[in-house]
Amino acid sequence: METNKILTKTWVVCLLAMLCCFLWGSAFPCIKIGYELFEVSSRQTASQILFAGVRFTLAGVLVVLISSIAQRRLLMPKKTSWGMIAKVSMCQTVLQYLFFYIGLAHTTGVKGSIIEGSHVFFSILIASLFFHQEKLTGAKAAGCIIGFSGVVLVNLSGGEMGGGMAWNGEGFLLLACIAYALSSVLIKGYSQRENPVTISGYQFMLGGIIMTGIGAAAGGSLHAASGGAYLMLLYLAMISAVAYSVWGIILKYNSVSKVTIFGFMTPIFGVVLSAVFLGEAGSIPWLQCLGALALVSGGIYIVNRVPKEKE
């Protein structure tokens, strides 16, 4: 009970959510670097799917292995949990990352990381309008509109950040955000009946196996250019294993809006890390970029100021 109370404290939620967002933000440049290390071009969709499938299968194995060692017993879901695991896997792993990996290959890491921040607003809208887990107030709606306008701004700006929305680039990233938002809402509900770490581990394995099969059947292949390729793959797997497990735990004990609202840090970390590791800093129109981030942050601030609803 004491642990449960600690996990509802805002500063604890903030620290854990920030850790998750940093890890997810680092995924943007690392995936692009991973493509280079495994000799996967932006046109090799099947190989991109195969790369994602291997990553998430490994992530699932790591979650189950580490949790089993920690608990000194094999981490296994209940018989009644497989349906929940399949639904989360389809949204969080298969659909989200099919769109995400293909979309990221057709846009810049900086631009992709900002668009990814829109999942915060989709999560609140889905939780409120479709699952009725919380109320959609005027302040929340205003925050969603203002925040999402940042996504629009970054697509209307000039230079490398502009050029409109390509259906297989920015368009796919938006679809990935919707799939991820739906998975967050599902995890919130399912975590009351099953351990969120168990859901995370097995949904990754299931989704990873499906994506690996799709990628391999479509002719995808991976060729490691060096030993560093495998280390990058391991790091990407650890990102998923750690971040999604922690995210699921804090979602279990807090409302969707309280947790997902911190997701604005993902595009901020993504922008900084992409600029540093991908060499995109020189081509970024920083005024438009900062303006977009300011709108996203402003929307989140408005939503975060919503008074706590009575139980």
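Reading the values: rules and limits
- Each chain has its residues counted from 1, following the order in which its sequence is written.
- Local features in this predicted model are restricted to residues whose pLDDT is 70 or higher, and side-chain atom pairs enter the listing and the counts only when it is 80 or higher, whereas totals over whole chains, interfaces and linings include all residues.
- The side-chain figures draw on all heavy atoms in the structure; neither hydrogens nor water molecules are used.
- Helix and strand assignments come from DSSP, with helices taken as H or I runs of at least 4 residues and strands as E runs of at least 2, each series counted from the N terminus.
- For every residue, the accessible area obtained with a 1.4 Å probe (protein chains only) is divided by the maximum for its type, and the residue is called buried under 20%, exposed over 50%, and partly exposed between those limits.
- In what follows, residue pairs with any heavy atoms lying within 4.5 Å of each other are defined as contacts.
- Pairing of aromatic rings covers Phe, Tyr and the six-membered ring of Trp, with a centre-to-centre limit of 6.5 Å; geometry is then stacked below 30 degrees between planes, edge-to-face above 60, and tilted otherwise.
- Using only the protein atoms, space was sampled on a 1 Å grid; points where a 1.4 Å probe fits but cannot get out form cavities, open sets with protein on both sides within 12 Å along at least five of seven lines form pockets, and lining residues are those with an atom within 4 Å of a point.
- Grid points are joined across faces, edges and corners, and a volume is the space filled by probe spheres set on the points.
- Polar here means any residue other than Ala, Val, Leu, Ile, Met, Phe, Trp, Tyr, Cys and Pro, which are nonpolar, and Asp, Glu, Lys and Arg, which are charged; Gly is therefore polar.
- One fewer than the residue count of a helix, multiplied by 1.5 Å, yields its expected span.
- The angle separating two fitted axes, one through the seven residues that finish at a residue and one through the seven that start at it, defines the bend at that residue.

A.B. asks: I'm lost on the overall build of the chain in this one. Help?
C.D. replies: When helices and strands are tallied, the chain shows 13 helices and 0 strands. Its helices and strands taken in sequence order, the chain reads α-α-α-α-α-α-α-α-α-α-α-α-α from the N to the C terminus. For the chain, with 311 residues in total, the buried portion stands at 55%. Counting only contacts in the chain whose residues sit at least 6 apart along the sequence, the fraction spanning at least 24 positions is 87%.

A.B. asks: Would you mind showing me how to read the packing of aromatic side chains here?
C.D. replies: Each pair of aromatic rings is reported with the distance of its centres and the angle of its planes. Inspection of every chain in the model, using the stated rule, returns 15 aromatic pairs. Judged by centre distance (4.3 Å) and plane angle (50 degrees), the ring pair of phenylalanine 56 and tyrosine 97 falls under tilted. Here the residue phenylalanine 56 occupies a position in helix H3 (residues 45–71), and tyrosine 97 occupies one in helix H4 (residues 82–104), the gap between them amounting to 41 residues.

A.B. asks: Help me understand empty space enclosed by the protein, please; the structure alone is not making it clear to me.
C.D. replies: If you roll a probe as big as a water molecule over the atoms, it shows you where there is empty space left. In the structure shown here, the tally under the stated rule is 2 cavities of 30 Å³ or more. Counted as a void, the largest cavity has a volume near 110 Å³. Around the largest cavity sit 13 residues that line it, and Trp24, Gln96, Tyr97, Glu116 and Tyr244 are the ones nearest its centre. Only helix H2 (10–37) and H4 provide two or more residues apiece to the lining of the largest cavity. Top element by residues in the lining of the largest cavity is H2. It accounts for 4 residues. Grouping the constituent residues of the lining of the largest cavity by class yields 8 nonpolar, 3 polar and 2 charged. Roughly 50 Å³ of volume is contained in the second largest cavity. Every residue lining the second largest cavity is listed: Val88, Gln92, Ile187, Pro196, Ile199, Ser200, Gln203, Tyr244 and Gly248. Secondary structure elements with two or more residues in the lining of the second largest cavity: H4, helix H9 (196–217) and helix H10 (227–253). The dominant element in the lining of the second largest cavity, judged by the number of residues it contributes, is H9, at 4 residues. Grouping the amino acids of the lining of the second largest cavity by side-chain chemistry returns 5 nonpolar, 4 polar and no charged.

A.B. asks: Please clarify how H2 should be interpreted in this entry.
C.D. replies: Note that an α-helix has 3.6 residues per turn; residues three or four places apart therefore point the same way. The first and last C-alpha atoms of H2 sit 40 Å apart over 28 residues, in line with the 40 Å expected at 1.5 Å per residue. Phenylalanine 28 marks the point of greatest bend in H2, at about 35 degrees, and the proline proline 29 comes within the next four residues. Just downstream of H2 lies glutamate 39, where phi reads positive at about 55 degrees.

A.B. asks: So what exactly am I meant to see when it comes to the layout of surface pockets here?
C.D. replies: In this structure, the second largest pocket spans a volume of roughly 180 Å³. Lining the second largest pocket, in full, are Leu62, Val63, Ile66, Ser67, Ala70, Gln71, Asn195, Val197, Met238, Ala241, Val242 and Ser245. The set of elements that each furnish at least two residues to the lining of the second largest pocket consists of H3 and H10. Residue contributions to the lining of the second largest pocket peak at 6 residues, all from H3. Looking at the lining of the second largest pocket, its residues break down into 8 nonpolar, 4 polar and no charged.

A.B. asks: What should I look at first to understand the side chain of serine 183 in this one?
C.D. replies: The residue serine 183 is located in helix H8 (residues 170–190) in this model. Once you skip the residues sitting within four places of it in the chain, serine 183 turns out to touch Cys91 and Gln92.

A.B. asks: Looking at this structure, how should I read unusual backbone geometry?
C.D. replies: Peptide bonds are mostly trans, and most non-glycine residues show a negative phi. The backbone phi angle of glutamate 39 is positive, close to 55 degrees, even though this residue is not glycine. Following the sequence through the fold, glutamate 39 ends up in the loop between H2 and H3. Positive phi outside glycine occurs at arginine 72, with the angle close to 60 degrees. Among the structural elements, arginine 72 can be located in the loop between H3 and H4.

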